[in-house]
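# Residue-level structural notes
Chain by chain, the residues run as shown.
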Amino acid sequence: GLRLLGLRLLGLRLRLLGLRRWLLGLRLGLGLGLADHGRQRQRHLRLGGNLGHGDTQDQLRPKRVEALAHVRVVSVAAGNGFSMALTIHGDVYSWGSGRQGRLGLGNTENQSLPQPVVALDKEDVVGIAAGSSHALAVTAAGAVWAWGWGSNGQLGLGGNTQDQHLPQRVVGLE
């Protein structure tokens, strides 16, 4: 009786936790999630494209990002029309809309497949975050890097409010 009820509640709780994992990634119609073993999946609810599948098709169900199948993803972040992934080895990938340099690739071109953020290759990145049109990375040493839209000072680069197409170290936090 009570034991069976407890097992059913535990099962329901585990299913809800799995659903919560997907819901936490929802933002502006874009959903990101991590499946078991660091395999990244992405779905799109209402806006077109930029999902990392090499096309601009909407995805109503989660679909594995095959371009990242060779790496173990430990964290994902999504902004307005772009996404990022962090691997277990500290590599950062970005894709989607390149407006204002938000991908950190040195240009403003859109990318339909994940691209490595080469400017961070020598850094031991342990965390990533995405704003609407800018991105951040933090290293194991505590350094913060920012790139993308900077017009409101959200990159933390002092008086520099220019868009940054490559990651810039935020020296004010050191």
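Here is what the cut-offs are and how they apply
- Residues numbered from 1 in each chain as written.
- Predicted model: local features only at pLDDT ≥ 70, side-chain atom pairs only at ≥ 80, totals over all residues.
- Heavy atoms only, no water.
- Helix = DSSP H or I, 4+ residues; strand = E, 2+ residues; numbered from the N terminus.
- Buried < 20%, exposed > 50% of the residue type's maximum accessible area, 1.4 Å probe, protein only.
- Contact = heavy atoms within 4.5 Å.
- Pairing = 2+ DSSP bridges.
- Axes fitted to C-alpha atoms, helices over the stretch in contact; angles between N-to-C directions.
- Polar contact = N/O pair within 3.5 Å; in protein donor to acceptor, adjacent residues only side chain to side chain.
- Core = buried A, V, L, I, M, F, W, Y, C linked by side-chain atoms within 4.5 Å.
- pLDDT = per-residue confidence, 0-100.

In terms of helices and strands, the protein chain carries one helix and 11 strands. Listed by position from the N terminus, the elements making up the protein chain come as α-β-β-β-β-β-β-β-β-β-β-β. Expressed as a percentage of its 174 residues, the buried residues of the protein chain come to 41%. Of the contacts formed within the protein chain by residues at least 6 apart in sequence, a portion of 38% connects residues at least 24 apart.

With that settled, the discussion passes to the sheet that holds strand 11 (residues 164-169). On the basis of which strands lie adjacent, the open sheet formed by four strands has the order 8-9-10-11 and antiparallel pairing. Each of the sheet's edge strands pairs with one partner strand only, and the pair in question is strand 8 (125-130) and strand 11. Taking the axes of each pair of neighbouring strands and ignoring which way they run, one obtains an average angle of 15° across the sheet. Pairing between strand 8 and strand 9 (residues 134-139): five bridges, direction antiparallel. Counterpart to Ala129 in the pairing with strand 9 is Leu136.

Here we take up the side chain of Gln164. Residue placement: Gln164 occurs in strand 11. In this structure the side chain of Gln164 is engaged in a polar contact, spanning 3.4 Å, whose partner is the backbone oxygen of Gln162. Excluding residues within four positions of it along the chain, Gln164 makes contact with Gln100, Gly101, Trp147, Gly148, Leu155 and Leu157.

Another aspect to go through is the pairing of strand 6 (residues 92-96). Along strand 6, five of the five residues are buried, which leaves the element largely enclosed by surrounding structure. Burial along strand 6 is two-sided: the face carrying Val92, Ser94 and Gly96 and the face carrying Tyr93 and Trp95 are both buried. Here strand 5 (residues 82-87) runs beside strand 6; their pairing, made up of five bridges, is antiparallel. Looking at the pairing, Met84 lines up with Ser94 of strand 6. Adjacent in sequence and paired antiparallel, strand 5 and strand 6 are bridged by four residues, among which Gly90 carries a positive phi angle near 85°. Here strand 6 runs beside strand 7 (residues 111-116); their pairing, made up of three bridges, is antiparallel.

The next subject is the nonpolar core. One finds Met84, Val92, Leu120, Val125, Ile128, Ala137 and Trp147 to be the most contacted residues of the largest nonpolar core, which totals 16 residues. Among the secondary structure elements, those contributing two or more residues to this core are strand 5, strand 8, strand 9 and strand 10 (144-148). Among all residues touching Met84, those that are not within four sequence positions of it are Ser75, Val76, Ala77, Tyr93, Ser94, Trp95, Ile128, Ala129, Ala130, Ala135, Leu136 and Trp147. Of all hydrophobic cores here, the second largest spans seven residues; its members include Val65, Leu68, Val73 and Trp95.

Next up on the list: the environment of Pro167. Structurally, the position occupied by Pro167 is in strand 11. Pro167 sits 20 residues away from Trp147 along the chain, and the two C-alpha atoms are 4.7 Å apart. Setting aside chain neighbours within four positions, we find Pro167 in contact with Gly104, Val117, Ala119, Leu120, Trp145, Ala146 and Trp147.

Of note in the backbone geometry, Gln100 takes a positive phi value of approximately 60° without being a glycine. Classification of Gln100 as buried rests on a relative accessible area of 18%.

Relative to the helices and strands, Lys63 is located in strand 3 (residues 63-64). A C-alpha to C-alpha distance of 8.6 Å links Lys63 and His53, two positions 10 residues apart in sequence.

Model confidence for the protein chain is summarised by a mean pLDDT of 78, while 71% of its residues fall at 70 or above. Considering each helix and strand of the protein chain separately, the mean pLDDT is smallest for helix 1 (residues 2-24), with a value of 43, and largest for strand 11, with 98. This model gives residues 35-49 a pLDDT under 50, and the stretch forms 67 contacts once residues within four places in sequence are excluded.

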